[in-house]
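Here's the letter readout for the chains.
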Amino acid sequence: GQGNPPARQRRRIDGPAGALRAEERNIASLRSLLRRTTEAIVLLRVLCDNDFTRLAGQLAPDMRLQLQQMSLRRFASTVEGARLASALVEALMSHFTRTDRAAVDAIAARLQAGAPLFFGGDERTFYHARELLQAARDARDRRDPETAAEAAGEALGLLLRVPLSGDPTAVCAELADLRCFHGLVALPLAAAAAAEVAVHG
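About the criteria used
- Residues numbered from 1 in each chain as written.
- Predicted model: local features only at pLDDT ≥ 70, side-chain atom pairs only at ≥ 80, totals over all residues.
- Heavy atoms only, no water.
- Salt bridge = Lys/Arg side-chain N within 4 Å of Asp/Glu carboxyl O.
- Buried < 20%, exposed > 50% of the residue type's maximum accessible area, 1.4 Å probe, protein only.
- Helix = DSSP H or I, 4+ residues; strand = E, 2+ residues; numbered from the N terminus.
- Axes fitted to C-alpha atoms, helices over the stretch in contact; angles between N-to-C directions.
- Parallel < 35°, antiparallel > 145°, perpendicular 65-115°, else oblique.
- Left-handed = near helix turned anticlockwise from the far one by under 90°.
- Contact = heavy atoms within 4.5 Å.
- Nonpolar A, V, L, I, M, F, W, Y, C, P; charged D, E, K, R; others polar.
- Core = buried A, V, L, I, M, F, W, Y, C linked by side-chain atoms within 4.5 Å.
- Phe/Tyr/Trp six-rings, centres within 6.5 Å; stacked < 30°, edge-to-face > 60°.
- Lys NZ or Arg CZ within 6 Å of the ring centre and 35° of its normal.

Draft legend 1. Structural context of the pattern of salt bridges. In this structure the tally under the stated criterion is 9 salt bridges. Close ionic contact of Asp 51 with Arg 54 constitutes a salt bridge, the shortest N to O distance being 3.4 Å. On the basis of relative accessibility, which here comes to 39%, the residue Asp 51 falls in the partly exposed class. One salt bridge in this structure joins Glu 174 and Arg 137, with 3.6 Å as the shortest N-O distance. Of this pair, Glu 174 sits in helix α9 (residues 168-177) while Arg 137 sits in helix α7 (residues 121-141), and the two are 37 residues apart along the sequence.

In structure tokens, the structure reads:
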């Protein structure tokens with residue numbers, strides 16, 4: 001019949017061009033892994049410079065267990081590694097948002113420059129919004145409701161631009177604490193719409 005040629009013949013037809021394409025794919029894959037590993041090392045360096053043990057202690061128990069068993073390669077190249085990296089960044093940025101807001105921008109700039117695959121522009125926008133939510137709480141505690149409402153509104157505007165970034169549970173708790181109830185409705189709706197676009201294009 002006129003079916004496919006036998007495997008040996010297919011290899012000959014494919015020949016050097018096929019081998020070259022396979023080699024190019026392998027090199028591209030290796031380059032990608034090398035880039036992610038390099039950026040993972042930058043991220044880990046920033047975390048180590050900011051009391052890694054304390055940050056790891058803030059992770060959920062299952063995440064801490066994953067961290068103990070995680071190799072650098074898996075940290076850099078798997079979904080579990082990406083989730084762990086995200087949780088560590090959340091712990092880092094949350095700590096400084098509460099204790100030293102001046103340091104947040106410097107850390108964000110360092111992460112965005114050295115590890116953009118782990119901390120890109122969307123993450124920077126998200127953590128700037130978290131800074132504004134903290135500023136809103138500080139203003140509320142000073143009994144300055146106008147400034148608090150202004151900072152919360154600005155934060156919500158930023159969050160709505162990047163609804164799939166960061167930890168939505170923590171953000172919703174902060175919005176509720178600030179009595180920004182329209183944000184509790186708007187943000188999940190924006191996240192659902194963005195997820196729909198991401199899935200279906």
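More follows now that the structure is in view.
Draft legend 2. Representation of the packing of α7 against helix α8 (residues 145-161). One can describe the packing of α7 onto α8 by two numbers: an axis separation of 8 Å at closest approach and a directional angle of 165°. Taken together, the axes of α7 and α8 are roughly antiparallel relative to one another. In this structure, α7 crosses over α8, and the sense of that crossing is left-handed. Packed against α7, whose contacting residues are Thr 125, Phe 126, His 128, Ala 129, Leu 132, Leu 133, Ala 135, Ala 136, Ala 139 and Arg 140, the element α8 presents Thr 147, Ala 148, Ala 151, Ala 152, Glu 154, Ala 155, Leu 158, Leu 159 and Arg 161 at the interface. Taken together, the residues of the contact of α7 with α8 sort by class into 13 nonpolar, 3 polar and 3 charged.

Draft legend 3. Spotlight on the nonpolar core. Membership of the largest hydrophobic core comes to 47 residues, with the highest contact counts inside it found for Leu 43, Phe 75, Leu 84, Leu 92, Met 93 and Ile 107. Setting aside anything within four residues of it in sequence, one finds Leu 43 in contact with Phe 75, Ala 85, Val 89, Leu 111, Ala 115 and Phe 118.

Draft legend 4. Region of interest: the packing of helix α5 (residues 79-99) against α7. Across the interface, α5 lies against α7 with an axial gap of 10 Å and an inter-helix angle of 35°. For the pair α5 and α7, the crossing hand works out as right-handed. Together, Val 89, Glu 90, Met 93, Ser 94, Thr 97 and Arg 98 of α5 and Phe 126, Tyr 127, Arg 130, Glu 131 and Gln 134 of α7 make up the contact between the two elements. Its residues placed into classes, the contact of α5 with α7 shows 4 nonpolar, 3 polar and 4 charged.

Draft legend 5. Expanded view of unusual backbone geometry. With phi around 65°, Asp 51 is a residue other than glycine that occupies positive phi space. Topologically, Asp 51 is positioned in the loop between α1 (7-49) and α2 (52-57). With a phi close to 60°, Arg 143 is a non-glycine residue in the positive phi region. Among the structural elements, Arg 143 can be located in the loop between α7 and α8.

Draft legend 6. Structural view of the packing of aromatic side chains. Inspection of every chain in the model, using the stated rule, returns 3 aromatic pairs. Taking 6.2 Å as the distance between ring centres and 15° as the angle between the ring planes, the aromatic pair formed by Phe 75 and Phe 118 counts as stacked. Taken together, the residues Phe 75 in helix α4 (residues 72-77) and Phe 118 in the loop between α6 (101-114) and α7 connect sequence positions 43 residues apart. Phe 75 gets classed as buried once you look at its relative accessible area, which sits at 3%. An angle of 15° between the planes, with centres 6.0 Å apart, marks the rings of Phe 119 and Tyr 127 as stacked. Cluster of aromatic residues (ring-pair linked, three or more members): Phe 119, Phe 126 and Tyr 127. Above the ring of Phe 118, the side-chain terminus of Arg 36 is found at 4.8 Å from the ring centroid.

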